[in-house]
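Residue-level structure breakdown
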There are 4 protein chains.
Amino acid sequence: MTTAELIEAPSSVATASNSTTMKALVYLGPGKRSWEEKPRPSIHEPGDAIVRVTTSTICGTDLHILKGDLPAVPAGRILGHEAVGVVEQVGTGVSKFRVGDKVLVSCVTACLTCDFCRKQMYSHCRTGGWILGCMIDGTQAEFVRIPHADGSLYSLPAGADEEAMVMLSDILPTGFECGVLNGQVKPGDTVAIVGAGPVGLAVLLTAQFYSPAAIFMIDLDDKRLAVAGQFGATNVINSSDGNAAKRVMELTDGGGVDVAIEAVGVPGTFGICQEIVAPGGRIANVGVHGKPVELHLEKLWDRNITITTRLVDTVTTPMLLKIVRSGKLQPAKLVTHRFAMSDIMKAYDTFGNAAKEGALKVVLSN
Amino acid sequence: MTTAELIEAPSSVATASNSTTMKALVYLGPGKRSWEEKPRPSIHEPGDAIVRVTTSTICGTDLHILKGDLPAVPAGRILGHEAVGVVEQVGTGVSKFRVGDKVLVSCVTACLTCDFCRKQMYSHCRTGGWILGCMIDGTQAEFVRIPHADGSLYSLPAGADEEAMVMLSDILPTGFECGVLNGQVKPGDTVAIVGAGPVGLAVLLTAQFYSPAAIFMIDLDDKRLAVAGQFGATNVINSSDGNAAKRVMELTDGGGVDVAIEAVGVPGTFGICQEIVAPGGRIANVGVHGKPVELHLEKLWDRNITITTRLVDTVTTPMLLKIVRSGKLQPAKLVTHRFAMSDIMKAYDTFGNAAKEGALKVVLSN
Amino acid sequence: MTTAELIEAPSSVATASNSTTMKALVYLGPGKRSWEEKPRPSIHEPGDAIVRVTTSTICGTDLHILKGDLPAVPAGRILGHEAVGVVEQVGTGVSKFRVGDKVLVSCVTACLTCDFCRKQMYSHCRTGGWILGCMIDGTQAEFVRIPHADGSLYSLPAGADEEAMVMLSDILPTGFECGVLNGQVKPGDTVAIVGAGPVGLAVLLTAQFYSPAAIFMIDLDDKRLAVAGQFGATNVINSSDGNAAKRVMELTDGGGVDVAIEAVGVPGTFGICQEIVAPGGRIANVGVHGKPVELHLEKLWDRNITITTRLVDTVTTPMLLKIVRSGKLQPAKLVTHRFAMSDIMKAYDTFGNAAKEGALKVVLSN
Amino acid sequence: MTTAELIEAPSSVATASNSTTMKALVYLGPGKRSWEEKPRPSIHEPGDAIVRVTTSTICGTDLHILKGDLPAVPAGRILGHEAVGVVEQVGTGVSKFRVGDKVLVSCVTACLTCDFCRKQMYSHCRTGGWILGCMIDGTQAEFVRIPHADGSLYSLPAGADEEAMVMLSDILPTGFECGVLNGQVKPGDTVAIVGAGPVGLAVLLTAQFYSPAAIFMIDLDDKRLAVAGQFGATNVINSSDGNAAKRVMELTDGGGVDVAIEAVGVPGTFGICQEIVAPGGRIANVGVHGKPVELHLEKLWDRNITITTRLVDTVTTPMLLKIVRSGKLQPAKLVTHRFAMSDIMKAYDTFGNAAKEGALKVVLSN
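Just so it is clear, the model here is predicted, and its values are computed rather than measured.

Right, let's talk about the domain arrangement of chain A for a bit. Many structure descriptions define interface size as the accessible area lost when the parts assemble. Residues and elements named next belong to chain A. Domains assigned within chain A are domain 1 (11-170 + 314-365) and domain 2 (175-308). In this structure, domain 1 and domain 2 have C-alpha centres spaced 29 Å apart. On the domain 2 side, the residues contacting the 16 residues of domain 1 number 12 residues. Summed over the three residues of domain 1 that lose the most area to domain 2, namely K333, L334 and L360, the buried surface amounts to 37% of that side. Remark: the boundary between domain 1 and domain 2 carries zero salt bridges. In this structure, the connection of domain 1 to domain 2 is made through five residue pairs in polar contact (both at pLDDT 80 or more). Breaking the side of domain 1 that touches domain 2 down by element, the ones donating at least two residues are α12 (317-326) and α14 (354-357).

Next up on the list: the relation of the copies chain A and chain D. For these two chains of identical sequence, chain A goes onto chain D by a turn of 180° and a shift of 0.0 Å along the axis, with RMSD 0.0 Å. With respect to symmetry, the two chain copies, as superposed, fit the operation of a two-fold axis. Nearest to the rotation axis, the C-alpha of G93(A) is located 2.1 Å from it, this being the minimum over chain A.

Right, let's get into the interface of chain B and chain A. The partner chain A presents 33 residues to the 33 residues of chain B that form the contact. At the boundary of chain B and chain A, one finds zero salt bridges. In this assembly, chain B and chain A are joined by 19 residue pairs in polar contact (both at pLDDT 80 or more). Elements that contribute at least two residues to the side of chain B that touches chain A include exactly β12 (277-285), β13 (293-295), α11 (297-300) and β14 (306-308) of chain B. Among the residues making up the side of chain B that touches chain A, the classes are represented as 14 nonpolar, 12 polar and seven charged. As defined by bridge partners, strand β14 (residues 306-308) of chain A adjoins β14(B) across three bridges and the pair is classed as antiparallel. From the neighbouring strand, I307(A) faces β14(B), where its bridge partner is I307(B).

Attention now moves to the pairing of strand β9 (residues 214-219) of chain D. All names here are of chain D. Among the six residues of β9, six are classified as buried, and the element is accordingly described as predominantly covered. Neither face of β9 is left uncovered, since the one carrying A214, F216 and I218 and the one carrying I215, M217 and D219 both have all their residues buried. Relative to β9, strand β8 (residues 190-194) runs parallel, the two sharing five bridges. Counted as the bridge partner of A192 is F216 from β9. Each parallel crossover has a hand, and the one from β8 via helix α7 (residues 198-207) to β9 is right-handed. Here four bridges tie β9 to strand β10 (residues 235-238), and the two strands are oriented parallel to one another. The residue bridging D219 from the neighbouring strand is N238, located in β10.

Looking now at the sheet that holds β12(B). With mixed pairing, the 12 strands of this open sheet are ordered in space as β10(A)-β9(A)-β8(A)-β11(A)-β12(A)-β14(A)-β14(B)-β12(B)-β11(B)-β8(B)-β9(B)-β10(B). Only two strands of the sheet have a single partner each, and these edge strands are β10 (235-238) of chain A together with β10 (235-238) of chain B. Strand after strand, the sheet turns through a mean of 15° between neighbouring axes, direction not considered. Both strand β8 (residues 190-194) of chain A and strand β11 (residues 257-262) of chain A contribute to a ladder of four bridges, which runs parallel. Across the sheet, the residue bridging to V194(A) is E262(A), located in β11(A). Each of β8, β9 (214-219), β11, β12 (277-285) and β14 of chain A touches helix α10 (residues 267-276) of chain A; the most contacted strand, β12(A), lies at about 155° to it.

Conventions we followed
Residues numbered from 1 in each chain as written. Chains lettered and ligands numbered in written order. Predicted model: local features only at pLDDT ≥ 70, side-chain atom pairs only at ≥ 80, totals over all residues. Heavy atoms only, no water. Domains from an automatic or database assignment. Contact = heavy atoms within 4.5 Å. Buried area = accessible area lost by both parts, 1.4 Å probe. Salt bridge = Lys/Arg side-chain N within 4 Å of Asp/Glu carboxyl O. Polar contact = N/O pair within 3.5 Å; in protein donor to acceptor, adjacent residues only side chain to side chain. Helix = DSSP H or I, 4+ residues; strand = E, 2+ residues; numbered from the N terminus. Least-squares fit on C-alpha atoms with pLDDT ≥ 70 in both. Nonpolar A, V, L, I, M, F, W, Y, C, P; charged D, E, K, R; others polar. Pairing = 2+ DSSP bridges. Buried < 20%, exposed > 50% of the residue type's maximum accessible area, 1.4 Å probe, protein only. Right-handed = clockwise from strand over helix to strand, strands pointing away. Axes fitted to C-alpha atoms, helices over the stretch in contact; angles between N-to-C directions.

This is the structure in structure tokens:
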């Protein structure tokens, strides 16, 4: 089959579409990145769509790749897995989207047909999962190819606030699915969130969907804790003195918390979760871990606890879109800095010094 | 209030009741036990019942106590937390049982009124939980005092098979609740059980309530594996060559198991569970652990797995009684040896050499 | 056993306790009630407590009894099943409460030991359930006997707001359990509540624990709908023109609602629920029905819906107490009128003309 | 796009593929059917597949269509929604199937991308659902076009028993999902199935996945009840004397059943379910209803019951395939008669006189 047979003609709305190149943020091996000219993506499979990126952002994982922590990512890769954009081309197998549609790009690509997708585990899709900006070129560019477009894009209303929406590519479903849903947060619960970075704050915002009685936010950084206080934490605890677990136990009269959510990804914070979880409680891991942790089964074997791990499946994206539309969630709260996409090198500098810059999410606009 | 006010008069059915002493198996400090004369128990609280023990058994935990592994258990303690018997006396606050009732003694004592009991977590009852034969005198005796009798005893039909029923004191609810329910075994699932001792076999028997497609049984002992084969395991794997995980992955075409159930209590077997669990799968810990284990979050953080721990709550005892009555479960299969209670010293010798003796559960009759 | 043996001595805090009579609101047969002298209740069973009522209220069900709709209720019965009070005496089998404790009286009496209580279905307790002010004398009096006190009373902090707390006797757990939990209200859901009386408003307040995207409130009375708007309804619909279902379908672009909650108890309102429920949706019945309804299985058989009924179990009372304490629920909002208990005859007049009087809940204080 | 661009070339395995016509069972208006020449189907959409039917069967719904009960079905329609076959052609958007693949045709067509499919409610797929042999031409033919092939076909192993497999097109997932899953059958439960026709028997077979303690089978026909007894019913009750509900209440000591499953589709049988359901129990409707039923809310409002309806979603098909492969389910038990597809007119005669002929499922082979 020729490429011509696979695609619908690009519409006239896509005015930039005559060029065959574009600018993109390219990973050039550990510690190196550049904003450079790359070929524009094209349709490979009938299910593909090409999206013109209008808004994107940078994720902590992008920094990990840049540091060389994910050796599977080759030099030359365009980074980024979060975006809002406009459909530029679609393959013949795409049924839900048309050229010109405004769409949210999910960080997870889902074929919808494999065994994992049929079980709503899009994160483990046999031909998708988290591949954008990692196994295939990503969204920090003018254009991006999205495989399995029917399962990986979501329609946005014409007037949608792109800054808010791009928070639904990854961070909000991640916080909600891996932290809140897996932690089974319930009305009246006492919840502790360890880590007040962007993902921890996404957990904090979405945990409130379930009206817990108390939310303790634990972090080393007072600025982030202050933000957490504004975002609805009932108590904030600076853990730099090593007494965070002790403080939580005091606040709960020695009982511990119903739900402890790990949003950092290091052994120490997972350790805090083990110390503070109440009998019958849940530990929901959200953080990306690079090494094993010690699990104190000698203390926990008889405490009826549940520990979960999860890569976001983005199955709750339609629900999150409804909640944002209802006004019960304001994702744009998470945005602290804004850049033109062409200034993405500066944006990385800012995001890479998040603590100093007071940065949470930085928004990039094309 | 005097004791006289607290109790109903013992009925004439309890012919042995005039004596003030009884024989009991007493823990005398690490490595020491004897079958000796002890005072007969009496009602302390309005909710107490005194049960004349007709059938009991020995649990692996009793051996742990004897070894001195549970230093909280004082010398002088009567051991045992499993029994069938007849109610001899009841306090004024007991509403469900009368003198002469045939009863199952649950290994877990439940007040039913505290916050944990109200959440069906009897294992963590504020004034109960697992206390029999551990924090208070137990069932390997002629008589035993059962606190919170309304929550801790279950009526048995007059003609009930006591050997079968005593398996419902601990081992079957433990296997079912901690292994099968927490592991969320479902029709069509592939299940691995690591450990083919009595508890692992109880998991095996009760896992079949949910019609998994395959059950792999893993152990070091071929005799126990042969029993597992007779009890319904679809595959048995001797792990002594260190290749059990590899073998499971081959059997599942590299996919791993939906549910991995740890029924030993050492780091190595918990490690096998981590190696074989499929994305989206569950690890249900049943074993009693004495030290921490290494949790490979660097591999598991993105695999959507659930790990659970649990001390048996015995909330499923009424259901298990129904299933036994229906003939769909034959608990007496687990019984390999029978002794008179007065021969309990010999019974301990046999059970203490379980591998050599081919012992699973040993039944003691008064 | 003598009564003397069953009870703890009343404490000196209970200054009114020397008298053997008290005043109470007595049902005298259809249409007749009086505030009259009655014997003070005493301990009958070891599990009983006598509570001095400090705050009570009137329920719609009390009006039903007065009309003669519940012929099982005999003339002479003291009405009322909602109260806050102070423990005056306890039987020997009561373990959780002491004389002088401030308590919430649950509308449902729970032995905690029967098969239904063990399944958390206190509403169907073999020796309890809804019996107060119906099968046994109730709370609209100076004193009330509470059977199974350990399962039927809840400790209150000393300074608790009694007006708020008495809303937790019945109306809030009823709205929450029968409406919100059975209706499985989820974040992002569209919910319709048919009936804006006190119970419908209790559904409205507690549905918001789960952050639905939209809540439609349907009633005939604009005043109640205005209250609903203040309490968080996103849309209010006056159904007096017979077009409520049509209006809901318009508001949902023809899709219908995820959850339809019936809070009236007549065929017409249950009919509206059937017309507006979306495929995959839930109809949760809260209303007390006096006659059959037509269930349109010819339309609904293939629509994957769930219909539930429930008498409140009050299993969520501890959780509701936590939420009230956290400030996320203000039950006192439901109180529109206040009377001294001795003015209860007037309070009934007001509550019996709720529409005219703009009455929701009337609070009675001793 | 031309048809040529949409399809892969038919493979040489499909020897009959040169002809442009085929034989099919055609509905010719109420009461009329014929086995006649029809054009062979072709690819219309990129997601379509053409399947050469090797095995099919007749469903009770086909008889309803023939009677004219579903006026939306036009004369000229090829009937049938159950089949096993071989893929003959695929559109360009089909990713999971290739020409020559052996497949199970699901009775429900699922696009996998619409809002209902994303919620696993394939039955309500916006462009699918139950359309085969009803809104589009069906499987009682030599060839059939299957829209959304990736979501509507399932791979079969080469040597699969087609008779067994064709039972997974509709009847087994219907019994399992609408009856057993919606009824929440649990180990130890008491279950009543009202209706021992093919679907009721499918409920009976699949209910046993969950080890209920008792299964009562209720029907008017002793022959079918005898089959039910062989298939695992613990009690069979002939309801022709009008005393079925009374008998169930006796068998349950007045308690009623945990789950009542309606598998007929008339008011009387739904009425039996209402009479026998225990407090806390579930009524799962499986039957196709043509008129409203009376729902006795005046008796059921306070009994904590759940009533469900469902059109099969076939989301459990992969699981059922696993269970069949494990040998724990023998679907071929349901087959009583076998015909060549060319004798389908006779097969309809037999199936249409099921009671007299002792027919359950009739298998048709091409």
